[in-house]
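Residue-level structure breakdown
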Amino acid sequence: MSRPGVALVIGSGGVKCAASIGLMRCLHSEDIPIDLVVGCSGGAIYAAAIALGLDAASAASMTTTLWTRDVTSQPDRRALLSLVFPKWFGFDGRFGLKKDTILNERLAQGFGNATFADCKIPLFITATDFRTGEQVTITEGRIADAVRASIAIPFAFPPWEVNGRLCVDGFLSDPLPVGVAIREGAHVIVAMGFESPNQERITSGGRFAFQLSSIMTNNLLRASFAFHGLAHHSEVIAVLPQFSQRIRLFDTGKIPMLIDEGEAAMREQLPYLRRLLAASSAPQTTGAP
Amino acid sequence: MSLSFTGERSLGDLSQRRSRIGLVIGSGGIKCTMAIGLLKVLAHEGIPVDVAVGCSGGAIYAGLYALGDDVRDMEARSLVVWRDLFTKLHYRSLARAIAPAFFGYHEQVGLVDDRRVWDVLESQFGMRTFADCRMPFFVAATDYRTGEKVTLSEGRVIDAVRASIAIPLLLRAWPVQDRLLVDGGASNPLPIDIAIMEGCDIILAMGFESHMTADVGSFTQAIGRTSTIVTNHLLRATFAFYSTAHHAEVLPIVPLLDRDVGITEWEQVPYLIEQGEKAAYEQIPYLRRLLASQGAEPAVVAPMQRAVSAEIGATSPSTWRSTRPAAPSASPPASPPASPPASLSASLSAAPPASLSASPPASPPA
């Protein structure tokens, strides 16, 4: 097996993950090919689009149609009842406050019956096993199923079963799964990650929960990124766009801005990436650069 | 806090330089009483400690130890402490959480009666300060607004401990030096990094994984499961990073329990202490070997950064490749694994911890 050169890892970050379209636009214009794509949560949508060979424009339009407010507009009343009366209404691990009908339809629209075998670039999507908490790397089957599992935000959408495992959102185990690219033997890893925003004022239980989740997942992101940066013998290039505006969950209107800033963030790292590629294309037998 | 300051109060024998030993007790609610078992073993075996670090429940016992309290006292008081700590609810908070519009949402939720918690902590720590400790002592907490890791080492110990045990939802955040702080477990459940920065050569790190409930049959259990998944991953990721980065020895003490112990199950404390003692004894032979080999030569306190670059430089791509596809085995790999251990206890119980240090004090057995 020939050694994969450049891997792209897109971490969780909701609508902010659209910045990866800009990243790809930059790499494309510079003629730097990607040999392997890994995606987690929101990043899984774009990882899949990239792997299937969608161009930037259709990837962008796919998000704007996929991710609209009505995806979360249908509360699941039965789930609410099961929250209050767990015994009568059968509360189980498949709990979600919102119905996932529209979400599933949209994913079917976006990805159809495309499978991992249809990908032009090897694709890896991460989720989290809800029973054991382990990270799950999905590499086969329908892409729509894998993405659905990876974006199963806890409490919002019900978990999704893939290959007999009940899966929830990939960010719970690793928000930026660089480890998958390392295990696949990638030489240079471009990792685009997003920190969750801190709440400015905590005025409700919901915001309190968001703030807690931000604190923990940001620390998980930093710790696992720090470890993988140390453990990997070669190079992990972090692309962490700092957006000029605050991005909310459904700010799909800001996607053009996200794409531009994602491209700019990648462009900043280009000289370094070029140097690494030049070094690795020369025959070498010993030592990391 | 500088090294010279800590050196002055070090218990180390002045005539002979020996390894600097750090004790780190992680977060884990009532499971932290297992630290009493560890402290009993340290006392019994006459193992000195130079630096104490604690997080959340672990801060209680690291603190009492650093202040010089007798471990038998701690054991005797532990039942009372945990019977009183989290068992009385604060009904107004409960009402606020359920109906914020009626009762006025407070920025912080705290379902447990705070006054009771304070009384319990006061009975243990009084108004003693960090300056009263017989060794340098550090408490890990989390900044509630920014989520950053915070290290406390000044002022009253009780304030630092109260901040560090502010378990989300149960206890309100606690202001210390103009910062609002919550549970250290939310950012740094097993704060080995603090002991590394204090220049420890050998670090005894007692950590606790959260237990996965068998079934999810209610909303509370669903919340519990979700947060357990994240905290366990955070524990493993930070542990993996710290032990890769540290030039010397991190001895993990991760007791295995045959049952789940909830935060209010104070009757289980004697069982927990016993398990902690057992887990600690398992590490003693290895610790003795380390002390024997390191005591002879002067301990090297290298900056963390230098150690890291040495570590990475020493790992050649070929060895990395050869270990990559192999499933985690009992023998410690020559290079760091590609992912944090799937389970701390599982990966560590089989063999002495993989020695990642550049200096080979004790070669791992075949």
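Check the entry above for the structure.
A quick note: this is a predicted structure, and the numbers were derived from the prediction, not measured.

Calculation notes
Residues numbered from 1 in each chain as written. Chains lettered and ligands numbered in written order. Predicted model: local features only at pLDDT ≥ 70, side-chain atom pairs only at ≥ 80, totals over all residues. Heavy atoms only, no water. Helix = DSSP H or I, 4+ residues; strand = E, 2+ residues; numbered from the N terminus. Buried < 20%, exposed > 50% of the residue type's maximum accessible area, 1.4 Å probe, protein only. Areas by Shrake-Rupley, 256 points an atom, 1.4 Å probe, with all protein chains shown as cover. Core = buried A, V, L, I, M, F, W, Y, C linked by side-chain atoms within 4.5 Å. Contact = heavy atoms within 4.5 Å. Salt bridge = Lys/Arg side-chain N within 4 Å of Asp/Glu carboxyl O. Polar contact = N/O pair within 3.5 Å; in protein donor to acceptor, adjacent residues only side chain to side chain. Pairing = 2+ DSSP bridges. Axes fitted to C-alpha atoms, helices over the stretch in contact; angles between N-to-C directions. Parallel < 35°, antiparallel > 145°, perpendicular 65-115°, else oblique. Left-handed = near helix turned anticlockwise from the far one by under 90°. Nonpolar A, V, L, I, M, F, W, Y, C, P; charged D, E, K, R; others polar.

**Quick notes on the overall build of chain B**
Looking only at helices and strands, chain B has 14 helices and 8 strands in total. A burial count over chain B gives 55% of its 366 residues as buried. Just so you have it, chain B exposes about 15200 Å², and 57% of that area is on carbon and sulfur atoms.

**Notes on the nonpolar core**
Formed by 97 residues in total, the largest nonpolar core has its most connected members in L23, I60, Y61, F125, F137 and L152 of chain B. Element by element, the count of residues in this core is highest for helix α11 (residues 269-296) of chain B, at 11 residues. When residues no more than four places from it in sequence are discounted, the contact partners of I60 of chain B are W82, L85, F125, V161 and I165 of chain B. Residues W67, I143, F243 and I255 of chain A belong to the second largest nonpolar core, which totals 70 residues.

**A look at the pattern of salt bridges**
Oppositely charged side chains can form a pair if their charged atoms are brought close together. In the structure shown here, the tally under the stated rule is 23 salt bridges over all chains. Across the salt bridge formed by R25 of chain A and E263 of chain A, the nearest N and O atoms sit 2.6 Å from each other. Residue R25 of chain A is located in helix α1 (residues 19-29), and its partner E263 of chain A is located in helix α9 (residues 255-281); the two are separated by 238 residues in the primary sequence. What makes R25 of chain A partly exposed here is its relative accessible area of 34%. Across the pair R179 of chain B and E148 of chain B runs a salt bridge, and its minimum N-O distance is 3.4 Å. Note that R179 of chain B is positioned in strand β6 (residues 179-182) and E148 of chain B in the loop between β3 (137-143) and β4 (149-152), a separation of 31 residues in sequence.

**Structural notes on the side chain of T33 of chain B**
Residue and element names in this part refer to chain B. Its location among the elements puts T33 in the loop between β1 (21-25) and α2 (34-45). Its relative accessible area of 0% is what places T33 among the buried residues. There is a polar contact of 2.8 Å between the side chain of T33 and the backbone oxygen of I30. Residue contacts for T33: discarding those within four places in its chain leaves Y61, W82, V269, L272 and I273.

**Observations regarding the pairing of strand β7 (residues 202-206) of chain B**
Residue and element names in this part refer to chain B. Within β7, 5 of the 5 residues are buried, which leaves it mostly tucked inside the rest of the structure. Side chains I202, L204 and M206 project from β7 onto one buried face, and the interleaved I203 and A205 project onto a second face that is buried too. Across 5 bridges, β1 lies against β7 in parallel orientation. In the sheet register, I21 faces β7, and the bridge partner there is I202. One ladder, built from 5 bridges, connects β7 with strand β8 (residues 249-253); its direction is parallel. Paired with A205 across the two strands is P252, which belongs to β8.

**Details of the packing of α2 of chain B against helix α4 (residues 71-85) of chain B**
Residues and elements named next belong to chain B. The geometry of α2 relative to α4 is characterised by a closest axis approach of 9 Å and an angle of 160 degrees between their N-to-C directions. In terms of axis orientation, α2 runs roughly antiparallel to α4. Of the two possible hands of crossing, α2 and α4 adopt the one that is left-handed. Contacts between α2 and α4 involve I36, L39 and K40 from the former and V71, M74, E75 and S78 from the latter. Tallied by class, residues from the contact of α2 with α4 come to 4 nonpolar, 1 polar and 2 charged.

**Quick notes on unusual backbone geometry**
All names here are of chain A. Backbone geometry at S41 places phi at a positive 55 degrees, although glycine is not the residue there. Among the secondary structure elements, S41 is positioned in the loop between β2 (36-40) and α2 (42-52). The exposure class of S41 is buried, given its relative accessible area of 8%. Its identity is not glycine, yet N163 carries a phi of approximately 50 degrees, on the positive side. Along the chain, N163 falls in the loop between β5 (160-162) and β6 (165-168).

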